[in-house]
Amino acid sequence: MWLLLAFSVLLASAGAQDAEKVLKGEECVPHSQPWQVALFEKGRFNCGASLISPQWVLSAAHCQSRSIRVRLGEHNLRKHEGPEQLRVVSRIIAHPGHEAHSHRNDIMLLKLARPVRLTQNVRPVPLPWRCPRPGQACVVSGWGLVSNNESGTKGSPESQVSLPDTLHCANISIISDASCDKDYPGRVMTTMVCAGVEGGGTDSCEGDSGGPLVCGGFLQGIVSWGDVPCDTTSKPGVYTKVCQYLKWIRETMKRN
């Protein structure tokens, strides 16, 4: 379906073997995802994340590192366009039950040293009040790998994949638990939700774990893991189901 629409890019996120996955999509309308956050480690882009309040950011626990810098209001990571805000992280709080091998509780809160300035281009995404429904339309965004691997293109796959400067978006839908369990028998927990497109479009490469899955204007998922390899999988991506962590999120923010 994506190919018929000539969408020839791939967004990288988290995969089954190495916590990385990729989605087909296209460049986002600049600043159309004002909650999108870019996490940097030692000056290098590391993961995506979501702004959920003026002083708190939500991401995946497997994105945890010792030194995290936060950039908001970004579209092109290589250009200063005006709306950008940079913040230091004062607290990194990964879920205490996180298990890397099973991707269990793949969720992390980051407290900013000082609140962001809320603008048209920098504002929080609302947390959900209910869990997502199968078939519900969503958008996932990030700065993951881009592939221009169109039919008839010559050259190695490596030469056709690169990191984009601009934020990319993909329109996908929530996949039912029963269907997802067929793709990942015994691996998808109640704290996870699958999303993708009919006929596939999820791959594994290097890129943007921790980014937002927004459905109906609410943050329903955090990019967590998926299948490998990137060019052949037809399985959906798997996301941390935010609605299952509302109590932990609110209590953690209140305590800190």
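This section reports on the structure supplied with the text. For clarity, every value in this text was computed on a predicted model and none was experimentally measured. (Residues numbered from 1 in each chain as written. Predicted model: local features only at pLDDT ≥ 70, side-chain atom pairs only at ≥ 80, totals over all residues. Heavy atoms only, no water.)

## Quick word on the overall build of the protein chain
Phase 1 of the analysis: Of the regular secondary structure elements, the protein chain holds 2 helices and 17 strands.
Phase 2 of the analysis: Each of the 256 residues in the protein chain was classed as buried or not, and the buried ones make up 54%.
Phase 3 of the analysis: Partitioning the contacts of the protein chain with sequence separation of at least 6, the portion at a separation of at least 24 is 72%.
Phase 4 of the analysis: When the accessible surface of the protein chain is summed, it comes to about 11800 Å², and 50% of that surface belongs to carbon and sulfur atoms. (Helix = DSSP H or I, 4+ residues; strand = E, 2+ residues; numbered from the N terminus. Buried < 20%, exposed > 50% of the residue type's maximum accessible area, 1.4 Å probe, protein only. Contact = heavy atoms within 4.5 Å. Areas by Shrake-Rupley, 256 points an atom, 1.4 Å probe, with all protein chains shown as cover.)

## Thoughts on helix α2 (residues 246-255)
Phase 1 of the analysis: Taken as a whole, α2 has its buried residues at Leu 246, Trp 248, Ile 249 and Thr 252. Buried positions in α2, seen along its axis, are confined to an arc of 170° and lie on one side of it. Opposite its buried face, α2 presents the exposed residues Lys 247, Lys 254 and Arg 255, each directed more than 90 degrees away.
Phase 2 of the analysis: Residues of α2 that are buried make contact with β4 (44-53), β5 (56-59), β7 (85-94) and β8 (108-112). (Arc of directions from axis to C-beta.)

## Topic: the state of the cysteines
Phase 1 of the analysis: Enumeration according to the criterion identifies 5 disulfides in this entry.
Phase 2 of the analysis: A sulfur-sulfur separation of 1.9 Å characterises the disulfide bridge that pairs Cys 28 with Cys 169. Residues Cys 28 and Cys 169 are joined by a disulfide whose S-S torsion is about 105°; by sign, that bridge is right-handed. Pair noted here: Cys 28 is in the loop between β2 (20-27) and β3 (36-41) and Cys 169 is in strand β12 (residues 168-175), with a separation of 141 residues, a long-range link.
Phase 3 of the analysis: Classification of Cys 28 as buried rests on a relative accessible area of 4%. (Disulfide = S-S within 2.5 Å.)

## Topic: the packing of aromatic side chains
Phase 1 of the analysis: Taken as a whole and judged by the stated rule, the model has 3 aromatic pairs.
Phase 2 of the analysis: Relative to Trp 143, the ring of Phe 45 has its centre 5.9 Å away and its plane inclined at 70°; by these criteria the two rings are edge-to-face. One end of the pair, Phe 45, is in strand β4; the other, Trp 143, is in the loop between β9 (137-142) and β10 (146-147), and 98 residues separate them in sequence. This pair shows no difference in class: Phe 45 is buried, exactly as Trp 143 is.
Phase 3 of the analysis: Plain terms: the ring middles of Tyr 184 and Trp 225 are 4.8 Å apart, the flat faces sit at 65° to each other, and that makes the pair edge-to-face. In this pair, Tyr 184 sits in the loop between α1 (177-183) and β13 (192-196) while Trp 225 sits in strand β16 (residues 218-225), placing the two residues 41 residues apart along the sequence.
Phase 4 of the analysis: Classification of Tyr 184 as buried rests on a relative accessible area of 1%.
Phase 5 of the analysis: Take Trp 225: its relative accessible area is 1%, and that puts it in the buried class.
Phase 6 of the analysis: Ring pairs connect the aromatic residues Phe 40, Phe 45 and Trp 143, which therefore count as one cluster. (Phe/Tyr/Trp six-rings, centres within 6.5 Å; stacked < 30°, edge-to-face > 60°.)

## Comments concerning the nonpolar core
Taken as a class, soluble globular proteins show a tendency for nonpolar side chains to be buried jointly.
Phase 1 of the analysis: In this structure, Ile 52, Leu 58 and Ile 249 are the most contacted members of the largest nonpolar core, which totals 36 residues.
Phase 2 of the analysis: Counting only elements with at least two residues in this core, the list comes to β3, β4, β5, β6 (69-72), β7, β8, β16 and α2.
Phase 3 of the analysis: By size, the runner-up hydrophobic cluster in this structure holds 12 residues, among which are Val 193, Leu 213, Cys 215 and Val 223. (Core = buried A, V, L, I, M, F, W, Y, C linked by side-chain atoms within 4.5 Å.)

## Regarding the environment of Trp 248
Phase 1 of the analysis: By secondary structure assignment, the location of Trp 248 is in helix α2.
Phase 2 of the analysis: In this structure the C-alpha to C-alpha distance between Trp 248 and His 95, which are 153 residues apart in sequence, comes to 8.4 Å.
Phase 3 of the analysis: Filtering out sequence-adjacent residues up to four positions away, Trp 248 remains in contact with Ile 93, Ala 94, His 95, Pro 96, Ile 107, Met 108 and Leu 109.

## Description of the pairing of β6
Phase 1 of the analysis: Pairing of β3 with β6, which is carried by 4 bridges, proceeds in the antiparallel orientation. Bridging from a neighbouring strand, Leu 39 pairs with Val 70 of β6.
Phase 2 of the analysis: As paired strands, β6 and β7 are joined by 4 bridges and run antiparallel to one another. Directly across from Val 70, in β7, lies its bridge partner Arg 87. (Pairing = 2+ DSSP bridges.)

## Digging into the sheet that holds β4
Phase 1 of the analysis: Spatially, 6 strands are ordered β3-β4-β5-β8-β7-β6 in a closed barrel, and the strand pairing comes out antiparallel. Strand-to-strand twist across the sheet, computed as the mean angle between neighbouring axes with direction ignored, equals 40°.
Phase 2 of the analysis: Most of the contacts of α2 go to β8, to which it runs at about 30°, and overall it touches β4, β5, β7 and β8. (Axes fitted to C-alpha atoms, helices over the stretch in contact; angles between N-to-C directions.)

Purely geometric numbers; function is a separate question.
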